[in-house]
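# What the coordinates show
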Amino acid sequence: TYAESSSGSSKILGTNQANIDFIKDRKINKKLSFYNSVYYRFNDSSFAGKQRIQKSLGFGYYSIKDKNYSFQTLIGPSVIYQSGGRFCDLVEYCGDLVQGWDLENIFKWDINRKLNLSISDVHSLANMGQLRGSNYLKTKLNFFPYKDRNLFLSLLYRYSHYEFTSSEPTKQLSFQVGKRF
């Protein structure tokens, strides 16, 4: 939400933001898998690239896999599409489909029956012009208060830096309540 004065200056009063992350992998053998990922970000306060979709397909490799913890590396080609915002028309590649590569590392640890931790770091390398790569780090600590583990409470930290945004990264800490289906 913006408040604009008669002098033409604007001030951000509040923002609408959303993130949807989807990763699905299909095991080929004990260590190797094929993955499909989609990351969607919406940030109403962005002047260029309010909406960002990143799609990737590739192979994953479990360097560590145990009953309680795992470490997986995913690598594959990706496409990135950013659009929207007041100045999207003025920013090179905003509104264009950009090809690139993704490198993702995922660490998961079931600490005990009621607590687990996941850390995911996605680094994307865009293959067009002077675009910088992007980085999206997500750390999530889940607490399951009941034995059925359907209801959870989460502490979530996100660090992100994208191609069309300012050089300053975004840091976000949030608390979530949810139910698994």
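Summarised in this report is the structure supplied together with it. What you are looking at is a predicted structure, and each value in this text was computed from that prediction instead of being measured.

## Overview of the overall build of the protein
A tally of regular secondary structure across the protein gives zero helices and eleven strands. Counting from the amino terminus, the protein carries its helices and strands in the arrangement β-β-β-β-β-β-β-β-β-β-β. The long-range fraction of contacts in the protein, counting pairs at least 24 apart against all pairs at least 6 apart in sequence, stands at 49%. Accessible surface for the protein amounts to roughly 11200 Å². Of this, 58% is attributable to carbon and sulfur atoms.

## Notes on the sheet that holds strand 5 (residues 51–65)
Read across the open sheet, the nine strands follow the order 3-4-5-6-7-8-9-10-11; overall the sheet is antiparallel. Of all strands in the sheet, those bounded by a partner on one side alone are strand 3 (17–27) and strand 11 (170–179). For this sheet, the mean angle separating the axes of adjacent strands, direction not counted, is 20°. Where strand 7 (residues 97–112) meets strand 8 (residues 115–126), twelve bridges bridge the pair, whose relative direction is antiparallel. Along strand 8, the bridge assignment pairs Gly100 with Ala126.

## Observations regarding the packing of aromatic side chains
Per the stated rule, a full pass over the model turns up three aromatic pairs. Ring centres of Tyr39 and Tyr136 lie 5.8 Å apart, and the angle between their planes is 70°; this geometry places the pair in the edge-to-face category. A residue pair is termed long-range when its members are at least 10 positions apart, and Tyr39 in strand 4 (residues 32–43) and Tyr136 in strand 9 (residues 134–143) qualify at 97 residues. Look at Tyr39 and you get buried, because its relative accessible area is 7%. The lysine or arginine in question, Lys65, covers the ring of Tyr62, its NZ or CZ lying 4.2 Å from the ring centre.

Parameters and conventions
Residues numbered from 1 in each chain as written. Predicted model: local features only at pLDDT ≥ 70, side-chain atom pairs only at ≥ 80, totals over all residues. Heavy atoms only, no water. Helix = DSSP H or I, 4+ residues; strand = E, 2+ residues; numbered from the N terminus. Contact = heavy atoms within 4.5 Å. Areas by Shrake-Rupley, 256 points an atom, 1.4 Å probe, with all protein chains shown as cover. Pairing = 2+ DSSP bridges. Axes fitted to C-alpha atoms, helices over the stretch in contact; angles between N-to-C directions. Phe/Tyr/Trp six-rings, centres within 6.5 Å; stacked < 30°, edge-to-face > 60°. Buried < 20%, exposed > 50% of the residue type's maximum accessible area, 1.4 Å probe, protein only. Lys NZ or Arg CZ within 6 Å of the ring centre and 35° of its normal.

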